[in-house]
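Structural overview
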Amino acid sequence: MEIFDAFVLGVVQGLTEFLPVSSSGHIELGKAVLGTDIGNKEENLLFTVVVHFATALSTMIIFRKDIVALFKGLFSFKWNEETQFTFKIALSMVPAVIIGLLFEKELEKLFEGQIILVGFMLIITGLLLFLAGRAKRTEKGVSWTDALMIGVSQAIAILPGISRSGATISTSVLLGNDRAQAARFSFLMVVPLIFGKIAKDLLEIIKGEAVIESVSTMPLIVGFFAAFIVGLLACTWMISLVRKAKLHYFSYYCFVVGVVAIIAGVVNS
């Protein structure tokens with residue numbers, strides 16, 4: 001991978017991990033546009049691990065006060081608000097973990113240049129954002145049932161083209177939750193999953209250690225910092241957009257990119 005390609009894909013990851021336009025879908029589209037083939041499976045996983053770690057780190061920095069408060073509440077060993085919030089996050093992770101473990105091989109095939117699929121899923125993301133943008137404002141917090149439903153939407157967002165943040169925030173808002181709480185829950189619930197996925201991918205990388213020895217580190221460094229810095233900016237921006245009820249603007253973008261991706265996929269098939 002060239003340094004420029006790593007930079008572009010890092011920026012794409014940093015933006016789309018938080019903005020509701022699907023990071024996985026845009027990474028696939030980015031590879032198609034750049035004509036980039038990272039290489040074998042181990043090299044591909046290594047780059048994925050690096051940029052995902054970068055965006056997870058940016059999430060933790062933005063929400064550092066919330067994370068510290070949750071840990072303090074959890075280790076007070078009382079059934080307080082922080083402990084309940086932590087367990088709701090744990091509950092929301094269950095659907096994605098089950099889908100990821102049971103359908104791992106099937107899901108991997110969806111990330112092999114399936115541009116038409118990405119296009120259709122982006123249109124679905126756009127519909128969710130459009131509906132959420134028209135939802136009424138409330139001050140309701142995330143309930144246990146809400147946490148499970150948001151978790152289901154996160155599991156569906158494993159599909160390339162379905163935005164994780166878009167799906168989870170939209171689902172939360174459509175369930176009647178406060179927009180700020182919806183954004184907070186959405187971004188915090190993904191951190192454990194990202195680190196779990198990173199750990200799993202690292203185990204696979206270790207198995208291919210002989211191959212990884214020849215990988216250039218500079219594209220990885222460039223990709224990391226691009227994803228991290230852009231992630232900080234995108235996360236902050238997204239929180240502001242959710243509070244101002246401007247999600248529907250992204251729906252138009254998803255519609256356009258989705259249609260273009262479908263047309264491009266048909267033409268090149």
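Just so it is clear, the model here is predicted, and its values are computed rather than measured.

A few words now on the overall build of the protein. From N to C terminus, the protein includes 13 helices and zero strands. What you see in the protein, going N to C, is helices and strands ordered as α-α-α-α-α-α-α-α-α-α-α-α-α. Here the analysis covers contacts within the protein between residues at least 6 apart in sequence; of these, 83% occur between residues at least 24 apart. Of the accessible surface of the protein, which amounts to about 13200 Å², a share of 70% is contributed by carbon and sulfur atoms.

Tallied over the entire structure, the rule returns twelve aromatic pairs. Ring geometry for Phe18 against Phe187: centres 5.6 Å apart, planes inclined by 70°, an arrangement best described as edge-to-face. Of the two residues, Phe18 sits in the loop between α1 (3–16) and α2 (23–34) while Phe187 sits in helix α10 (residues 179–207), which places them 169 residues apart along the sequence. Accessibility expressed as a relative area gives 1% for Phe18, which makes it buried. Here the aromatic rings of Phe63 and Phe187 are separated by 6.0 Å at their centres, their planes lie at 45°, and the arrangement is tilted. Within this pair, whereas Phe63 is found in the loop between α3 (41–62) and α4 (64–74), its partner Phe187 is found in helix α10, the two being separated by 124 residues in sequence. For the pair shown, Phe63 and Phe187 are each scored as buried. For Lys88, the ring lying beneath its charged end belongs to Trp144, and the centroid distance is 5.7 Å.

Right, let's talk about α1 for a bit. For α1, built from 14 residues, the straight-helix expectation of 20 Å at 1.5 Å per residue is met to within 8% by its first-to-last C-alpha distance of 20 Å. Considered for burial, the residues of α1 that qualify are Asp5, Ala6, Leu9, Gly10, Val12, Gln13, Gly14 and Thr16.

With 87% of its residues at a pLDDT of at least 70, the protein reaches an overall mean of 84. Confidence, expressed as mean pLDDT per element, reaches its minimum in the protein at helix α11 (residues 209–212) with 50 and its maximum at helix α8 (residues 144–156) with 94.

Let's shift gears to the side chain of His248. Along the polypeptide, His248 turns up in helix α13 (residues 248–268). Contact partners of His248, with chain neighbours within four places excluded, come to Leu129, Phe130 and Gly133.

Turning to the packing of α4 against helix α5 (residues 81–102), a few remarks are in order. In the contact formed by α4 and α5, the axes pass within 7 Å of each other and the chain directions differ by 105°. It follows from the interaxial angle that α4 and α5 lie roughly perpendicular. Contacts between α4 and α5 involve Ala69, Leu70, Gly73 and Leu74 from the first element and Glu82, Thr83, Phe85, Thr86 and Phe87 from the second. Here the contact of α4 with α5 is composed, by residue class, of five nonpolar, three polar and one charged.

Bringing the nonpolar core into the picture now. Of all hydrophobic cores here, the largest spans 41 residues; its most connected members are Ile169, Phe185 and Phe187. Of all the elements in the fold, those that place two or more residues in this core are α4, α5, α7 (115–133), α8, α9 (164–174), α10, α12 (217–243) and α13. In terms of residues, this core owes the most to one element, α10, which gives seven residues. Residues within four places of Phe185 in sequence aside, it is in contact with Phe85, Lys88, Ile89, Ser92, Val142, Ala147 and Ile150. Ranked by size, the runner-up nonpolar core spans 13 residues in total, among them Leu9, Val12, Leu220 and Ala227.

What counts, and where the lines are drawn
Residues numbered from 1 in each chain as written. Predicted model: local features only at pLDDT ≥ 70, side-chain atom pairs only at ≥ 80, totals over all residues. Heavy atoms only, no water. Helix = DSSP H or I, 4+ residues; strand = E, 2+ residues; numbered from the N terminus. Contact = heavy atoms within 4.5 Å. Areas by Shrake-Rupley, 256 points an atom, 1.4 Å probe, with all protein chains shown as cover. Phe/Tyr/Trp six-rings, centres within 6.5 Å; stacked < 30°, edge-to-face > 60°. Buried < 20%, exposed > 50% of the residue type's maximum accessible area, 1.4 Å probe, protein only. Lys NZ or Arg CZ within 6 Å of the ring centre and 35° of its normal. Expected span 1.5 Å × (residues − 1). pLDDT = per-residue confidence, 0-100. Axes fitted to C-alpha atoms, helices over the stretch in contact; angles between N-to-C directions. Parallel < 35°, antiparallel > 145°, perpendicular 65-115°, else oblique. Nonpolar A, V, L, I, M, F, W, Y, C, P; charged D, E, K, R; others polar. Core = buried A, V, L, I, M, F, W, Y, C linked by side-chain atoms within 4.5 Å.

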